[in-house]
Amino acid sequence: MKFNRLGSSDLKVSDICLGTMTWGIQNTQQDADEQISYALNRGVNFIDTAEMYPVPPNADTYGDTERIIGNWLSRNASQRSSIVLMTKIAGGGLKYIRNAGGITGEAIDHALAYSLERLKTDYIDVYQLHWPNRVTPHFGKHWPDGANPTKTDRAREVDGMRDILMGISRALQAGKIRHWALSDDTPWGIHTYLRLCDEMGVPRPVSIQNEFSLLHAKDWPYLIEMCELENIAYLPWSPLATGMLSGKYQNGARPEGSRWTLAQRMGLFRDKPPAQAATAKYVQIAEEAGITPSQLALAWCKQVPGVTSTIIGATTMTQLSENLDAFDLSLSEQVLSQVHEVLRAHPLGY
């Protein structure tokens, strides 16, 4: 297992980050225990979760993923110091989470207290802002008819970010978090937080996790360049495009128990003809290379310059083993050339 420094922090994290958002709906406590044990034995030391999880989010299961991790930690307290644990405060939009309010300094105070309680730990290694308060070009809003920056009140956003940083500063000073980070943000968001951190004397964010895959490469090269040059770790989430790149949803297939069989809060906006066409080509390239489509997609993500650690998830142990094996692979120049021909034709499949 290869380890990389997490941005400007003193943390060394594995090439692979274990994602947990299925724990509590698609996976049980027993499943999660087995996944954690297996991943740690394979060298993974990096785990990501969120107060909003599991997904699809709903009021009945809110916080259950953190509870599942906390149950494991309570039985394995001696391993806490060897794990880099990340969680996130949810942004606005969910009525059952702080009445759908956005992220504020006060919200951080409350959300963090409950996350620590559910996780049964005294500190979070990396505390992340799950998504910005403003509308951003993420979650299917990256096309010209999606987010509209002319509608953003810049002064209001900056004032809100200052308030957020005051909450972050309180958490850091109290030792409740070791570092903080961003998620689902943009170059402007990164730039503004960096400026405000320097202005206010607050430590800079150490990482950002954004959606990034062979079907959704919009962060390359501009946002990833900024991260690399500003010493912010870039962490791709959904490197398999919610499972599409495994090939299991080809030709309208919906395997029993798979994510696409569940009710989706924002619909299956990734299920677009260009994405399906690109996936079919990636499946063929993987077959010719003697690896699985999932391994092709993950091995490609790993080799992108500027990627620090890739967040993977699995609902079965077979999937987890297959995904972990991908990070032992090095794609040949021939395979990379074939992949990039498809990527140039379909840089944004959805």
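Above this text is the structure in question.
This is a predicted model, so every value here is computed, not measured.

Residue Tyr 53 is joined to Pro 54 through a cis peptide bond whose omega torsion reads 10°. By the secondary structure assignment, Pro 54 is in the loop between β4 (46-48) and α2 (64-75). For the bond running from Val 55 to Pro 56, omega is 0°, close enough to zero to count as cis. With phi around 55°, Phe 139 is a residue other than glycine that occupies positive phi space. Summarising the element assignment, Phe 139 is placed in the loop between β6 (124-129) and α4 (154-173). A positive phi angle, near 55°, is found at Ser 238, a position not held by glycine.

A few words now on the packing of α4 against helix α5 (residues 187-200). A pair of packed helices can be characterised by two numbers: the angle between their axes and the separation between those axes. It is the contact of α4 with α5, at a shortest axis distance of 10 Å, that shows an interaxial angle of 55°. When the interaxial angle is binned, α4 and α5 end up oblique. Two packed elements cross with a definite hand, and for α4 against α5 that hand is right-handed. Of the residues in α5, those touching α4 at Arg 154, Glu 157, Val 158, Met 161, Arg 162, Ile 164, Leu 165 and Met 166 are Trp 188, Gly 189, Thr 192, Tyr 193, Arg 195, Leu 196, Cys 197, Glu 199 and Met 200.

Per the counting criterion, the structure on display carries seven aromatic pairs. Centroid distance Phe 212 to Tyr 234: 5.7 Å. Interplanar angle 90°. Geometry classified as edge-to-face. Taken as a pair, Phe 212 in the loop between β8 (207-211) and α6 (222-229) and Tyr 234 in strand β9 (residues 233-237) lie far apart in primary sequence, 22 residues in all. The residues Phe 212 and Tyr 234 share a single accessibility class, namely buried. One aromatic cluster is present, built from ring pairs that chain together Phe 212, Tyr 234 and Trp 300. Over the ring of Tyr 123 we find Arg 80, and its NZ or CZ is 4.1 Å from the ring centre. Positioned over the ring face of Tyr 62 is Arg 118, at 5.3 Å from the centre of the ring.

So, on to the pattern of salt bridges. All chains considered together, the criterion is met by 22 salt bridges. Between Arg 118 and Glu 66 there is a salt bridge; the shortest N-O distance is 2.7 Å. Of this pair, Arg 118 sits in helix α3 (residues 105-119) while Glu 66 sits in helix α2, and the two are 52 residues apart along the sequence. With respect to burial, Arg 118 and Glu 66 carry one shared label: buried. Each of the salt bridges in this network shares a partner with another, and the network as a whole consists of Asp 10, Arg 80, Asp 125 and Arg 178.

Attention now goes to the sheet that holds β9. The eight strands lie next to each other as β9-β8-β7-β6-β5-β4-β3-β10, forming an open sheet whose pairing is parallel. The sheet is open, and its two borders are formed by β9 and β10 (310-312), each paired with just one other strand. Mean inter-strand twist for the sheet, computed between neighbouring axes without regard to direction, equals 30°.

About the cut-offs
Residues numbered from 1 in each chain as written. Predicted model: local features only at pLDDT ≥ 70, side-chain atom pairs only at ≥ 80, totals over all residues. Heavy atoms only, no water. Helix = DSSP H or I, 4+ residues; strand = E, 2+ residues; numbered from the N terminus. Axes fitted to C-alpha atoms, helices over the stretch in contact; angles between N-to-C directions. Parallel < 35°, antiparallel > 145°, perpendicular 65-115°, else oblique. Left-handed = near helix turned anticlockwise from the far one by under 90°. Contact = heavy atoms within 4.5 Å. Phe/Tyr/Trp six-rings, centres within 6.5 Å; stacked < 30°, edge-to-face > 60°. Buried < 20%, exposed > 50% of the residue type's maximum accessible area, 1.4 Å probe, protein only. Lys NZ or Arg CZ within 6 Å of the ring centre and 35° of its normal. Salt bridge = Lys/Arg side-chain N within 4 Å of Asp/Glu carboxyl O. Pairing = 2+ DSSP bridges.

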